Amino acid sequence: MNKRQKIFVTAAIIIVLASVVATASYSNLQEEMEVDKLKIVATFYPLAFFAQQIGGEEVTVKQLIPDNTEVHNWQPAFADILAVDEADVIVYNGASLDHWFEDDILSIIDSSDKIIVETAEGLELLETETEHADEHEHEELYDPHTWISPFLAKQQAQKIYEALIQKDPTHMDYYTERWQTLQERFEELDNNYLSELSTKKKEKIFVTHSAFGYLADRYSFKQYGVIGISADEQPSASVYANLVQIMIKHETYMVYVDPVYPQESAQTLKNDLETLTDQNVQILKLYIMLGSIDGVDYFGQQEKNLENLKIGLEA
Ligand SMILES: [Zn+2]
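Everything numeric in this text was worked out from a predicted model, so none of it was measured.

## Comments concerning the side chain of H209
Note that H209 resides in strand β7 (residues 204-209). Side-chain polar atoms of H209 contact the side chain of H145, separated by 3.2 Å.

In structure tokens, the structure reads:
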């Protein structure tokens, strides 16, 4: 090796070493930044969305149930249990929606270093009586679809905010400012619902899955569902016949369906009603807000729901 070659090899070694050191410190830095962030696990979309809105840059949010997946019968995988085990704050709905969280996850993880937030706890829940043919008894259930009402969703999000400032008080000002912005959005939405639906001429809506009880309760209308609150029932012909009679009696020719759920029952209702009347029956969207969809997030879906409810309720 001549002198020139030696210099070249030495320089090459230095460059390689320098880049190894640089890469190592860069990835350490990245790791440190991730470690610094508060780890939140939320069972499903609306709660993950609220947590991200409040937590911003200071948190990582993992959502267990994928966007726009049926929530009532979902089951966690082993990887989900591991993710929950590593979290600082765990957020679930409660009111029997994500009962698997309590049954299959909470019972086996070490929760001593975590804050666990049951966001529907303490809310005024609506009771629903459902008949279960296989159990030969009536079971009292609570309607779990609390997040669909902006009034209740605000209270659920507030519990998430309280958990964040408790677990990570260093960033209290940051979380508080973001929570205030979010709180104002809920309040504005609730006020819009109250004022814009106050002029309604109709008071019944017909839906495929009875998920809108808390909207109906707060904004004074009534929902009739093809299937009940748990979304896993098979409707009988008499259910359709009964609903069609109510729709004819109240001259309502509109059916609401969430795009995530099967559309068949809405179509059956439309066909049955059109066969019996000379009316053209419309099918409109009413989002259950289980994920970002049609290019809109939780609040965008809320606004579209209000628009569509104004059509059906003639407000
Ligand atoms: Zn549901």
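More follows now that the structure is in view.
## Things to note about the packing of aromatic side chains
Applying the stated rule across the entire model yields 16 aromatic pairs. Consider the rings of Y298 and F299, whose centres lie 5.2 Å apart with planes at 90°: the pair is edge-to-face. Per residue, the accessibility class of Y298 equals that of F299, and both read buried. One residue, R185, lies across the ring of F299, its end atom 4.1 Å from the ring centre.

## Quick word on the coordination of the zinc ion
The coordination sphere of the zinc ion contains the protein donors H72 (NE2), H145 (NE2) and H209 (NE2), at a distance range of 2.0 to 2.1 Å. Site description for the zinc ion: donor spacing in sequence, H-x72-H-x63-H. Highlighted residues: H72 in the loop between β2 (59-63) and α3 (78-85) and H209 in strand β7, separated in sequence by 137 residues. Taken individually, H72 and H209 each receive the classification buried, so the pair is uniform in this respect.

## So, the nonpolar core
F50, Y298 and L309 are the most contacted members of the largest nonpolar core, which has 70 residues in total. Two domains each donate at least three residues to this core, and these are domain 2 (37-193) and domain 3 (201-312). Those residues in contact with L309 that sit more than four places away from it in its chain are Y193, L197, I205, L215, F221, Y256, L286 and E314. With 15 residues, the next largest nonpolar core counts L243, I246, L269 and L273 among its residues.

## A closer look at the sheet that holds strand β1 (residues 38-42)
What the four strands build is an open sheet, ordered β2-β1-β3-β4; its pairing is parallel. Strand pairing shows two members of the sheet lacking a second neighbour, β2 and β4 (115-118), which therefore form its edges. In this sheet, neighbouring strand axes are inclined to one another by 20° on average, regardless of whether the strands run parallel or antiparallel. On the sheet, helix α5 (residues 150-167) packs against β1, β2, β3 (89-92) and β4 and is oriented at approximately 170° with respect to β4.

## Section: the packing of helix α2 (residues 45-55) against α5
Relative to each other, α2 and α5 sit at 50°, their axes nearing to 10 Å. Relative to α5, the element α2 lies oblique. In terms of crossing hand, the pair formed by α2 and α5 is right-handed. Here L47, F50, A51, I54 and G55 of α2 lie close against α5, whose contacting residues are A153, Q156, A157, I160, Y161 and L164.

Criteria and cut-off values
Residues numbered from 1 in each chain as written. Predicted model: local features only at pLDDT ≥ 70, side-chain atom pairs only at ≥ 80, totals over all residues. Heavy atoms only, no water. Helix = DSSP H or I, 4+ residues; strand = E, 2+ residues; numbered from the N terminus. Polar contact = N/O pair within 3.5 Å; in protein donor to acceptor, adjacent residues only side chain to side chain. Phe/Tyr/Trp six-rings, centres within 6.5 Å; stacked < 30°, edge-to-face > 60°. Buried < 20%, exposed > 50% of the residue type's maximum accessible area, 1.4 Å probe, protein only. Lys NZ or Arg CZ within 6 Å of the ring centre and 35° of its normal. Donors = N, O, S within 2.8 Å, 3.2 Å for Na, K, Ca; no water. Core = buried A, V, L, I, M, F, W, Y, C linked by side-chain atoms within 4.5 Å. Domains from an automatic or database assignment. Contact = heavy atoms within 4.5 Å. Pairing = 2+ DSSP bridges. Axes fitted to C-alpha atoms, helices over the stretch in contact; angles between N-to-C directions. Parallel < 35°, antiparallel > 145°, perpendicular 65-115°, else oblique. Left-handed = near helix turned anticlockwise from the far one by under 90°.

Everything listed here is a matter of coordinates, which is why it stays silent on function.
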